[in-house]
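Working through the structure, step by step
Single-letter residue listing:
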Amino acid sequence: MLPMTVFRTADLPRGERFDAWRDCMDRTIAPMEVVCDRPADFTASQHLLRLGPLVAWQTAFRPCHNRRRAVDIRRSDPELYHLTLVLPGSVPLSTEQAGNSGKHHAHDLYVIDTSLPCEVGSPFGDSPLVAIGLEIPKALIPLSPALRRPIDRLLGRRLSGRRGFGLLVAQTLTQLFGEEGGYRPSDSRRLATLLVDLVTGMLAHESESSAGLADESRGRALVLHVREHIRRNLHDPGLSPATVAAAHHLSTRQLHRLFETEEETVAGLIRAGRLDAARRDLTDPAHRAVPAGRVAVRWGFTSAAHFSRAFRDAHGVPPGEYRRRALEVAE
């Protein structure tokens, strides 16, 4: 198991609990102002994991209002991105930072920057706030200054933990504190690397721009965008390396350079994608009556003869023979 530090107000005298929690938050995230409606009734718990340079912590506490002011930032700035995942059973949580605001419910995520003033709070009452927090040094997120402005527009806003990178982040954080985790202390650094990659991917995706990723990360992201563009446009007979490059504001030379370390060239991806899509249609009993030539046209081939030659080269037999054998097996 990963070594865990546990904090519980129940272990402290009643009159010391709220102050102890404020100190705990100062240590975990950064100095801030914390206000509670009934400090004498305050309860909180925190289970904290140190994953190399990252800190992950699961918590449940009586709702309060947290405000990080300019004076707090001058006092101490650890230069972190703080991420929160709101868990089922929690009261809603509101955030404000960098002119943005958000209201967060179960399965929602948000990110704040400890270098900027912010406010985070929940409606006062007896129902707890239940969440997982993650502290990542900003220096570990490979974002160049060009992406800082798009990222600033995300601060404090609601990010979904139900899809895409957000879902992967949420699942990983939840598993850290679940009984099924099964991690060893030696996994800490690996988990830190995984979380940094996932959060970086989420921020880049949510910003709808990969322009500010570090060169290597930007290249990976651009390759993925190109592959998805090709997949969506296989039916277009005009799809070519030149049109793919233009769609991504690249020269064809830049596009070919981007794929130098990939297993296939852009032209190869287009050809292989079209052939695979055509193969699926040919072997689908629902398309039995559709002539092979029409299948070829559907997937961007402008010449039946070219399609037949390319298909034979890829599969060893002409399209018609491949279809006949596949359908016989299916029957």
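Residues numbered from 1 in each chain as written. Predicted model: local features only at pLDDT ≥ 70, side-chain atom pairs only at ≥ 80, totals over all residues. Heavy atoms only, no water.

**What to know about the overall build of the protein chain**
Looking only at helices and strands, the protein chain has twelve helices and twelve strands in total. The C-alpha radius of gyration computed for the protein chain amounts to 26 Å, which surpasses the reference 20 Å derived for 331 residues by more than 25%, pointing to a less compact arrangement than a globule. Expressed as lengths along the three principal axes of its C-alpha atoms, the size of the protein chain is roughly 85 × 45 × 35 Å. Across the protein chain, every contact between residues at least 6 apart in sequence was considered, and the portion connecting residues at least 24 apart equals 72%. Taken as a whole, the protein chain presents about 17,300 Å² of accessible surface, with 51% of it coming from carbon and sulfur. Charge-centre separation for the protein chain: the mean point of 44 positive side chains lies 4 Å from the mean point of 39 negative side chains. (Helix = DSSP H or I, 4+ residues; strand = E, 2+ residues; numbered from the N terminus. Rg over C-alpha atoms; globule rule 2.2 N^0.38 Å. Contact = heavy atoms within 4.5 Å. Areas by Shrake-Rupley, 256 points an atom, 1.4 Å probe, with all protein chains shown as cover. Lys, Arg positive; Asp, Glu negative; His and termini not counted. Charge placed at Lys NZ, Arg CZ, Asp CG, Glu CD.)

**Here's the deal with the sheet that holds strand E1 (residues 4-8)**
Spatial strand order, E1-E3-E4-E11-E6-E9-E12: seven strands in an open sheet with antiparallel pairing. At either end of the open sheet lies a strand with only one pairing partner, and these are E1 and strand E12 (159-160). The pairing of strand E6 (residues 80-86) with strand E9 (residues 108-113) spans five bridges and is classified as antiparallel. Each residue of the ladder has a partner; that of Leu83, found in E9, is Val111. Sheet strands in contact with helix H4 (residues 164-176) are strand E3 (44-51), strand E4 (54-61), E6, E9, strand E11 (129-137) and E12, and its direction is about 80° off that of E6. Along the sheet, helix H5 (residues 188-206) contacts E3, E4, E6, E9, E11 and E12; its crossing angle with E3, the most-contacted strand, is approximately 100°. (Pairing = 2+ DSSP bridges. Axes fitted to C-alpha atoms, helices over the stretch in contact; angles between N-to-C directions.)

**Examining empty space enclosed by the protein**
Here the structure, examined in full by the defined rule, presents one cavity of 30 Å³ or more. Lining the largest cavity we find 25 residues, and of these Ile29, Asn66, His82, Tyr110 and Val120 sit closest to its centre. At the level of secondary structure, the elements contributing two or more residues to the lining of the largest cavity comprise E4, strand E5 (65-68), E6, E9, strand E10 (118-121) and E11. Sort the elements by how many residues they give to the lining of the largest cavity and E11 lands first, with four residues. (1 Å grid on protein atoms, 1.4 Å probe; cavity = no way out; pocket = protein on both sides within 12 Å on 5 of 7 lines; lining within 4 Å. Points joined across faces, edges and corners; volume = space filled by probe spheres on them.)

**A look at helix H9 (residues 266-282)**
Its 17 residues place the ends of H9 24 Å apart at the C-alpha level, agreeing with the 24 Å of an ideal helix rising 1.5 Å per residue. Listing the buried residues of H9 in full gives Val266, Gly268, Leu269, Ile270, Gly273, Arg274, Leu275, Ala277, Ala278, Asp281 and Leu282. (Expected span 1.5 Å × (residues − 1). Buried < 20%, exposed > 50% of the residue type's maximum accessible area, 1.4 Å probe, protein only.)

**Some points on the environment of Gly99**
Among the secondary structure elements, Gly99 is positioned in the loop between strand E7 (93-97) and strand E8 (100-104). Taking relative accessible area as the criterion, Gly99 reaches 84% and is therefore assigned exposed. Separated by 83 residues in the primary sequence, Gly99 and Gly182 place their C-alpha atoms 41 Å from one another.

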